[in-house]
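# Fold and geometry: a report
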Amino acid sequence: MKQKFYLCLIFLLITLPTFAQQVTVSGTITASSDGTPLAGVSVILKTAPGKGTLTDGDGKYTITATPADVLVFSFIGFASTEIPVGANRTIDVPLQESMHELGELIVTGSRGMGRTALETAVPVDIISIKDIMGDLPQIDLAQMLTMLAPSFNAVRSQGGDLDSHVDPIQLRNLAPNQTLVLVNGKRRHTSAQLIISTAVGSPSTSVDMMLIPAASVDHIEILRDGAAAQYGSDAVAGVINIVLKKSTNRLSGSFTGGGYMNSGGDGGKYTEDGKPDGYNYQLSANYGFSLGKKGFINISGELTQRRPTLRPFVNDWNVYDGTYLTNQRTDKFGNPVITNPELVAAQAAGNATLAASLATPEGLMGARGLKQSDFAVWAGSPAITMGTVYFNSEIPIDETTTFYAFGGMGYKFLQSYSCYYRRPEQTDRFNYLLYPNGFRPEMTTNTSDISTTMGIRGKIGIFNVDFSNTYGRNKSRIGMVNTMNASLGSNSPINMNLGTHAFSQNTTNLDFSKYFPEVMRGLNIAFGAEMRVENYKIIKGQDEGFTYGDAGVVTVGEDGFLVGPDGKPLEDGSSTPIVDANGNPLEVTKGEKVTVKSLSANCQCFAGFGPKNERDEFRTDVSAYIDAELNLTEDFMIAGAARVENYSDFGDVVIGKFAARYSILDNLSLRGSLSTGFRAPSLQELNYTTTATVFVTDQNGVPQPVDYTTYPSNSTAARVLGIKKLTEERSKSYGLGFAYQVSHKLEFSVDAYQIDVDDRIFLTGAFNAAEVGNNYDQVIGSQGEAQFFVNGGDIRSKGIELVGNYTTAVNKSVLTFNASAIFSRNQVIHKKTLDLNAANISEEALVNKYLNRQVIGQFETGTPRTKFIGFVQYKLGKFSTLFRGTYYGKVTELSTSTNANGEFWDQTFSGQTVFDLSVSYDITKNLKFSVGGNNIFDKYPELLREENRGFYLYSNNQQGSNGAYYYGRVLFSF
């Protein structure tokens, strides 16, 4: 009974609004200038945006409403009009033509009164998230933008330590930390995590856009131009401004569920056809409250759960070696370790046939119910559980003064496939009691994020004033599960807290502006100051994650020889007897500590952060700017900006920008810009240090573990080698293009750009003690491998961007066509050379280590130089559909490894095209249902060549290897 009652109650809540008095309203929409009927005009109910209609070829419409409703009439190129229904049953509307309706007013890139896309001096894309998110398969902002803006990219890593824990965002194929992200025009803090391997080959921090709920976003403005003179450090490739919703008295939201087909692509024997996986669910909601007559607070929330996708690489690497199969291993005291009890049982039973089988890897795996795929390398998208809440508010204090506040908080738990399988054959990282068949470590992060902005806008004298303070903090506790510290033996924990990274940023802004309409055709002056305080912390984890234990060390009890209970020499980890030069047992003395088994220290896969890694670093940045826009005539506008900044850790920079726009016609404008910029090294780049296990392919094509340590540039290891302290990156940007509004149906733009960056920060190759000499082993250890962040070279990125839109009405339906593309080229135009203190390595090899060809290749050709997005959207009454194709151009991955003939293992991957589809239907004016998919034809990228198959089977620099994704979504609005 209770279930029936609740079902009836839900039904009533959904349908109750339809019980109000219904009336039929009709009319004709025309252009006010000449009375021409307008086809395809949108007519919607303001209180129920999901319900509406379109005018037919004669400009006529009919809609059902209530007397309390307000009709909203809108069409590209004409001013929107709102008319209450009241007692009217016929409403004819002459729409006024308006160039300002050719696009929303843009505030990014201008400190004036706002301009349309046609009026800006630099290219700015406006993406209405609130209108299109219901028709997209993607459920987070970064992945949405990847499918909508060709200059934007957010490569979702499918492994690689912490690289998959944040989706790094990019503009114009430059690094993530060369793009500035704003929220409501205020600087957004980055993630605490430093992403070591990005799509463009250099380490980087990035804003974690996953922690900003899409339900809170009205629209996004993407400024595709250098803007450091206006906004400060990081705005080298451009600026992304996320504008939050302001709506009130309307509850809207959605529930989405979807998953991946997981066909395995063309992997054949190297993978397995799996069951559908990667199921994800998201519930989002948004509601706004009115505060007084003009104030508001808009609140949004999202709950997301994503199951992992599993994309295995089933290899033929040996699992069990001969010492494991035949029980030849011993502990550090010389006692036998039985690793194959099945063989012992078969021998005791006198079953020679079975014993012979069990002495082989295949036979033992079969006896244990295992197969080669159980030891495969696992890649795939991580599992995520996440919750976010955001708000945006304004409260007028008087006629000229407004208090505003916005911000939010979020929590994200993530578990990823970041590590190779540890096979029993690898004796230095094996423990039979804990993991008799080896183990596969997995990384976790628990991330909390908080941000808040408070400010006052008003007037002081003749100037508009904006005073604000923005605080943001991102904190991530890093962990590892299903792991161990081999040097601790069986006493090692198998789940570990590796440490915590935290980054906080407090930004205070004071901005003044004034528009002088009497100067020429209008002059806007803006000036202001900013102070930013940043703090980066590395907090150590549990001791077992970073220590070297004594599980393989023997303390000699009395003088004598290093022998076991049987009187034979003790054996090392490879079961080789430990003897002197004459082959006799090693002579030892009482109290001496002898390493018998060289067992791997630290947490497997990724070492914990210990006392030597801990950091608590602050810095301040103070800046001042002036910005001006002058309309010389109605058709010609020029703009300029200058900025001076002082960083407490590296000094002063002075940069500037000049831009201009000339309207050849009312609907055709030329635009261009040139600017200088900079990017300060992040606190993470300056201070990050860790040890991770890297697998290097041997001559047989089998990856072998090597522990690499990343040292900061101010460390002893860096100073001894001659590595210099990091300096800021400096840039020069040039842009030229045009925007053309052919008619109210058709618009397009073309923009060319070039960005030169000096002293770009890269990560070096690894230096070992033998190569460096000069007693370097006393600094990094005899088996250590050291790498560093360096200003490795000067780079150039250039390209052409095209954007076009066409909208037309067909009877009572509307067709929208959109095409956009980027054609780009990246180059390393100068490699830095240093006189490093490396005694045993050639100058050529030294230069290649400093900036190797694999890193260069990743920057120049490792991501698509061409990306094309085209879609068509069709709307008819309650029905709508969207079909989109995305083309990713070819990529070439360069290798540092060669075959016997000295030929590098390079590989070029052909261009890839994937298609998305969504179909939506308005069930009622309050409910909408949508189904569709991403990569609906299940297109997988090409396989890596055999020599390059390590962690991955497929290349992941185009569409990724998750395959087809299908979803269903219910949207509601009350």
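What you see is a predicted model, and the numbers here were worked out from it, not measured in a lab.

One pass over the full model with this rule turns up 31 aromatic pairs. The interplanar angle of 50° and the centroid separation of 5.0 Å between the aromatic rings of Tyr260 and Tyr965 together place this pair among those described as tilted. Taken together, the residues Tyr260 in strand S15 (residues 251-260) and Tyr965 in strand S47 (residues 965-973) connect sequence positions 705 residues apart. Judged by relative accessible area, which is 15%, Tyr260 ranks as buried. Measuring from centroid to centroid gives 4.4 Å for Tyr435 and Phe439, while their planes differ by 25°, and the two rings are stacked. For Phe439, a relative accessible area of 2% corresponds to the buried category. Three or more aromatic residues joined by ring pairs make a cluster, and in this case those are Tyr320, Tyr324, Phe375, Tyr421, Phe430 and Tyr432. Looking at Lys514, its charged tip hangs above the ring of Phe516, at a distance of 5.8 Å from the centre. The side chain of Arg853 reaches across the aromatic face of Phe904, ending 3.8 Å from its centre.

Spatially, S8-S13-S14-S11-S12 is the arrangement adopted by the 5 strands of the open sheet, whose pairing is mixed. Each end of this open sheet is capped by a strand with a single partner; those strands are strand S8 (124-127) and strand S12 (186-187). As paired strands, strand S13 (residues 217-223) and strand S14 (residues 238-244) are joined by 6 bridges and run antiparallel to one another. Bridge assignment links Ile220 to a residue of S14, and that residue is Ile242. Of the strands in this sheet, S8, S13 and S14 touch helix H3 (residues 141-148), which is tilted by about 55° from S13.

On inspection of all chains with the given rule, the structure shows 1 disulfide. Put simply, Cys419 and Cys605 are joined by a disulfide, and their sulfur atoms are 2.0 Å apart. Its S-S torsion of approximately -85° makes the covalent link between Cys419 and Cys605 left-handed. Taken as a pair, Cys419 in the loop between strand S21 (402-416) and strand S22 (442-460) and Cys605 in the loop between strand S29 (593-595) and strand S30 (615-631) lie far apart in primary sequence, 186 residues in all. Residues Cys419 and Cys605 agree in their burial class; the two are buried. Residue Cys603 stays outside any disulfide, its sulfur separated by 7.4 Å from that of Cys605, the closest cysteine. Looking at Cys603, the relative accessible area reads 3%, which means it is buried.

Now for the environment of Ala121. Topologically, Ala121 is positioned in the loop between strand S7 (93-95) and S8. Classification of Ala121 by relative accessible area gives buried; the value is 9%. Separated by 41 residues in the primary sequence, Ala121 and Leu162 have C-alpha atoms spaced 39 Å apart. In this structure Ala121 touches Met637, Ala659, Ala660, Arg661, Arg671 and Gly672, once residues within four positions along its chain are discounted.

What follows concerns the pattern of salt bridges. For the coordinates displayed, the defined rule picks out 42 salt bridges. Arg172 is the partner of Glu801 in a salt bridge, and the nearest nitrogen-oxygen pair spans 2.8 Å. Taken together, the positions of Glu801 in strand S39 (residues 785-810) and Arg172 in the loop between strand S10 (169-171) and strand S11 (179-183) put the pair 629 residues apart, joining distant regions of the chain. Asp449 is the partner of Arg188 in a salt bridge, and the nearest nitrogen-oxygen pair spans 3.0 Å. Here Asp449 lies in strand S22 and Arg188 lies in the loop between S12 and S13, a separation of 261 residues in the sequence. By relative accessible area, Arg188 is classed as buried at 6%. Residue class for Asp449 comes out buried when judged on its relative accessible area of 6%. Residues participating in the shared-partner salt-bridge network are Glu530, Arg532, Glu534, Arg619, Asp621, Arg643, Glu645 and Asp649.

So, about the sheet that holds S7. What the 3 strands build is an open sheet, ordered S4-S1-S7; its pairing is mixed. Sheet topology places strand S4 (60-65) and S7 at the edges, where each strand pairs with a single neighbour. Across the sheet, the mean angle separating the axes of adjacent strands is 35° when strand polarity is ignored. In this sheet, S4 lies alongside strand S1 (residues 23-31) in antiparallel orientation, the contact comprising 6 bridges. For Thr24, the partnering residue across the bridge sits in S4 and is Thr64.

Moving on, we get to the confidence of the model for the protein. Residue-level pLDDT values for the protein average 88, and 93% of them are 70 or greater. For the protein, the element scoring lowest by mean pLDDT is helix H1 (residues 2-15), at 43; strand S23 (residues 463-481) scores highest, at 97. Across residues 1-20 the pLDDT falls below 50, and counting only partners more than four positions away or on other chains, this stretch makes 8 contacts in the model. Below a pLDDT of 50 lies the segment residues 99-107, which in the model reaches 40 contacts outside its immediate sequence neighbourhood of four places, other chains included.

Think of an α-helix as turning once every 3.6 residues; residues three or four places apart then point the same way. Of the residues making up helix H14 (residues 853-860), those classed as buried are Val855, Ile856, Gly857, Gln858 and Phe859. Among the structural elements, strand S37 (746-763), S39, strand S40 (813-831) and strand S43 (891-893) are those in contact with the buried residues of H14. Two to three positions downstream of the cap, the backbone nitrogen of Gln854 sits 3.0 Å from a side-chain oxygen, assigning the N-cap of H14 to Asn852.

Moving on: the nonpolar core. Ranked by size, the top nonpolar core spans 46 residues in total, and within it Ile129, Leu141, Phe152, Met209, Ile220, Ile240 and Ile242 carry the most contacts. It is H3 that provides the largest number of residues to this core, a total of 5 residues.

This brings us to unusual backbone geometry. Phi angles above zero are rare outside glycine, and Asn249 is one such case at about 55°. For Asn249, the location among the structural elements is in the loop between S14 and S15. Backbone geometry places Asn775, a non-glycine residue, at a positive phi of 60°. You can see Asn775 is positioned in the loop between helix H11 (769-772) and helix H12 (777-780).

Turning our attention to empty space enclosed by the protein. In the structure shown here, the tally under the stated rule is 14 cavities of 30 Å³ or more. Space inside the largest cavity adds up to approximately 810 Å³. In terms of lining residues, the largest cavity is bounded by 50 residues, among which Gln143, Met147, Ala154, Arg156 and Gln959 are the most central. For the lining of the largest cavity, the secondary-structure elements that each account for two or more residues are H3, strand S9 (152-154), strand S16 (277-291) and S21. In terms of residue class, the lining of the largest cavity is built from 18 nonpolar, 24 polar and 8 charged. As for the second largest cavity, its lining consists of 25 residues, and the residues nearest its centre are Arg187, Thr190, Thr205, Asp234 and Gln505.

Attention now moves to the environment of Thr66. Topologically, Thr66 is positioned in the loop between S4 and strand S5 (70-75). For Thr66, a relative accessible area of 10% corresponds to the buried category. Along the primary structure Thr66 and Lys275 are separated by 209 residues, whereas in three dimensions their C-alpha atoms are 50 Å apart.

Calculation criteria
Counting of residues starts from 1 at the beginning of each chain's written sequence and follows it residue by residue. Given that the model is predicted, a residue must reach a pLDDT of at least 70 before its local features are reported, and side-chain atom pairs must reach 80 or more before they are shown or counted; all residues, however, enter totals for whole chains, interfaces and linings. Derived side-chain values reflect all non-hydrogen atoms in the structure, with water molecules and hydrogen atoms excluded from consideration. For this analysis, a ring pair means two rings from Phe, Tyr or Trp (six-membered ring only for Trp) whose centres lie within 6.5 Å, classed as stacked if their planes differ by under 30 degrees, edge-to-face if by over 60, and tilted for the remaining angles. In this description a helix means any DSSP run of H or I spanning at least four residues, a strand means any run of E spanning at least two, and both kinds are numbered starting from the N terminus. Three labels apply to residues, based on accessible area from a 1.4 Å probe with only protein chains included: buried if under 20% of the type maximum, exposed if over 50%, partly exposed otherwise in between. Whether a charge sits over a ring depends on NZ of Lys or CZ of Arg being within 6 Å of the ring centre and within 35 degrees of the ring normal. At least two DSSP bridges between two strands are required for those strands to pair. We call two residues contacting when some pair of their heavy atoms lies within 4.5 Å. Every axis corresponds to a line fitted to the C-alpha atoms, with the helix fit spanning only the stretch in contact, and the corresponding angles, defined between N-to-C directions, vary from 0 to 180 degrees. For the purposes of this analysis, a disulfide is any pair of cysteine sulfur atoms at a distance within 2.5 Å. We count a salt bridge whenever a side-chain nitrogen from Lys or Arg sits within 4 Å of a carboxyl oxygen from Asp or Glu. Every residue gets a pLDDT, meaning the predictor's confidence in that residue, from 0 to 100. Under this definition, polar contacts are N or O atom pairs within 3.5 Å; protein pairs additionally need one hydrogen-donor-capable and one acceptor-capable atom, and for neighbouring residues in sequence, both atoms have to be side-chain atoms. Buried residues of nine kinds, namely Ala, Val, Leu, Ile, Met, Phe, Trp, Tyr and Cys, make up a nonpolar core once their side-chain atoms join them within 4.5 Å. Any residue with an atom within 4 Å of a point lines the site, the site being either a cavity, points on a 1 Å grid over the protein atoms alone where a 1.4 Å probe fits but cannot get out, or a pocket, an open set with protein on both sides within 12 Å along at least 5 of 7 lines. Grid points are joined across faces, edges and corners, and a volume is the space filled by probe spheres set on the points. Only Asp, Glu, Lys and Arg are considered charged, only Ala, Val, Leu, Ile, Met, Phe, Trp, Tyr, Cys and Pro nonpolar, and every remaining residue, Gly among them, polar.

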